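# Reading the structure
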Protein chains: 2
Amino acid sequence: MSLLVCVTRKDNTKLLDTLNAQLPDVDIYEWPHCPDLAQVEFVLAWNAPDELWTQLPNLKVVQSYGAGVDGIAMHFLPEHVTVTRIVDSQLTKDMAQYVLTHVLAHKLRLKQYFVQQQQGVWKPKRAHQGNHVGIMGLGELGQAVANQLVDNGFKVSGWSASEKNIANVATYASQEQLELFLHKLDYLVCLLPLTKHTKGILDKSVFSLLPNHCVLINVARGQHLVEEDLIWALDNNELAAASLDVFTQEPLDSDHPFWLHPNITITPHCAALTSVTTACEQIAKNYLSLLNSDKLTNTVDRTKGY
Amino acid sequence: MSLLVCVTRKDNTKLLDTLNAQLPDVDIYEWPHCPDLAQVEFVLAWNAPDELWTQLPNLKVVQSYGAGVDGIAMHFLPEHVTVTRIVDSQLTKDMAQYVLTHVLAHKLRLKQYFVQQQQGVWKPKRAHQGNHVGIMGLGELGQAVANQLVDNGFKVSGWSASEKNIANVATYASQEQLELFLHKLDYLVCLLPLTKHTKGILDKSVFSLLPNHCVLINVARGQHLVEEDLIWALDNNELAAASLDVFTQEPLDSDHPFWLHPNITITPHCAALTSVTTACEQIAKNYLSLLNSDKLTNTVDRTKGY
């Protein structure tokens, strides 16, 4: 039995060093350099190519190298394969801090003042008054974000596929309650998992239901957003601004219209960066659990996709 | 008896309208248009010229049009004159939010990402790890700022002229403890009152005692800062960055070197803007108290200067 690492578009030096240190007796290979794919029962994957999944006859566990599993093509995997993900309490704290920071940055007009500074312009304005933040997706991350916003005096509403009960948060569920959830928000935060139901959910119809002064913050996945609909909404005053940490294609294309849009704030997918150390501890633990036929941690419901 | 308004460098239309509405039976004049200065017992002042104070033989109360009283030349005032200021709980909340926002903005590298966006550069970096904020000045504003930072997981220390006891805040007092207070900070926030003891306190000697990666946030008064010492500290890596809301001269001169310094963030004295409505309620209440020989509210200890 061996462990195959298929984490693409990243420098994996530290990851492989740390994994080798955690699992000194295990054969660890990095795709595509693996002498015998039939020996592979455990794959650590991120942005893995589809052809990988058809070449592993004895695959038992796919461990995602992140909090999401949308980079894993589930439909290629036999039913008995277990999918797990990284759950890192620091990621959750970082995400809550990112969202609070970007809500406050808009409220206090930081970008507007940065631009004024570059132009040598002195023009004080009152902070934006809106205080109502809506969060789509009330999983672990969404709940942590909600709590930190509530603690800082914001009014918070939440929307999710299934009904949730969270202290000090008005919750809405299902498509029927979406309009009710959206129509009074000052900020809309997307923290949904990426599934076939949520892909492209941030579109014209949602933007049209939001107040015109609303600010979108997308920290989930680029594919939640219909990018041309966002440009349309901003250019037609259906939406005031957007802070985006995720994009359909990353890194963002150098000629993408988002870069120079005055009402879009771009951060380079840095809201919650996986800690190699924490991740490797969880990967090693799951690998040893598989070896000892123990229960794996942070498994994913494959039908739900999260 | 009449009320004289001497608030310079501002458009006072809304202020005078609101005051006249609150005090319909009172003669309210705007400096220098006052038929009889001997009738004036109550002055509302902000950036008042020194010559004003020598022309008011019957002055009893000077009401500052703000939280600070540094715009009032105390040494010109006879000892029996009472000085009062505006205390607005919204100002306190706004100040706490401003400081939290600017600490978080630096921590999450917002300015760095704004500049990268303008250049079309995609370069994710981990957030700054430092979590220790020091606050100079532990009055009402300083304490509110400290509490909001503590609530958001920051380690907070405080320094003030007299000893204070604040839950979850390590406090230091007097010049002797200044070095101990400064030497481990990641952020230094100035919220001191401006007095002869605190003027120019943010100088080379303080910057040299701070860790090199420390960020200065000045939200008190421009005169606390020796401006050329800040430039020296930033250019010699004695300090990492500064967020400044206040300046020796406001608006900031168009050719001031702060505008284009890459490590200085400028906001146009907007951290906590006085609400005309709230201020006028307090001014009217104090005017009527003087008329009825009642106790005035928010009076200032003239020897301390705050």
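A few points on the structure. Source: prediction; values computed, not measured. (Residues numbered from 1 in each chain as written. Chains lettered and ligands numbered in written order. Predicted model: local features only at pLDDT ≥ 70, side-chain atom pairs only at ≥ 80, totals over all residues. Heavy atoms only, no water.)

Turning next to the packing of helix H2 (residues 89–107) of chain A against helix H3 (residues 89–107) of chain B. Where H2(A) contacts H3(B), the two axes come as close as 9 Å, and the packing angle between them is 120°. Relative to H3(B), the element H2(A) is oriented oblique. Relative to H3(B), H2(A) is oriented so that their crossing is left-handed. Here A:Gln97, A:Leu100, A:Thr101, A:Leu104, A:Ala105 and A:Lys107 of H2(A) lie close against H3(B), whose contacting residues are B:Gln97, B:Leu100, B:Thr101, B:Leu104, B:Ala105 and B:Lys107. By residue class, the composition of the contact of H2(A) with H3(B) is six nonpolar, four polar and two charged. (Axes fitted to C-alpha atoms, helices over the stretch in contact; angles between N-to-C directions. Helix = DSSP H or I, 4+ residues; strand = E, 2+ residues; numbered from the N terminus. Parallel < 35°, antiparallel > 145°, perpendicular 65-115°, else oblique. Left-handed = near helix turned anticlockwise from the far one by under 90°. Contact = heavy atoms within 4.5 Å. Nonpolar A, V, L, I, M, F, W, Y, C, P; charged D, E, K, R; others polar.)

One pass over the structure, following the stated rule, counts nine aromatic pairs over all chains. Judged by centre distance (5.3 Å) and plane angle (70°), the rings of B:Phe42 and B:Tyr287 are edge-to-face. Taken together, the positions of B:Phe42 in strand E3 (residues 40–46) and B:Tyr287 in helix H9 (residues 276–291) put the pair 245 residues apart, joining distant regions of the chain. Each member of the pair, B:Phe42 as well as B:Tyr287, is classed as buried. Each ring, one from B:Tyr172 and one from B:Phe181, has its centre 5.8 Å from the other, and the planes form 55°; the classification is tilted. By relative accessible area, B:Tyr172 is classed as buried at 18%. The class for B:Phe181 is buried, based on a relative accessible area of 2%. Ring-pair connections join several aromatic residues into one group, and the members of that group are A:Trp122, B:Phe247 and B:Phe258. Stacked on the ring of A:Trp232, the Lys or Arg A:Lys204 has its end atom at 4.6 Å from the ring centre. (Phe/Tyr/Trp six-rings, centres within 6.5 Å; stacked < 30°, edge-to-face > 60°. Buried < 20%, exposed > 50% of the residue type's maximum accessible area, 1.4 Å probe, protein only. Lys NZ or Arg CZ within 6 Å of the ring centre and 35° of its normal.)

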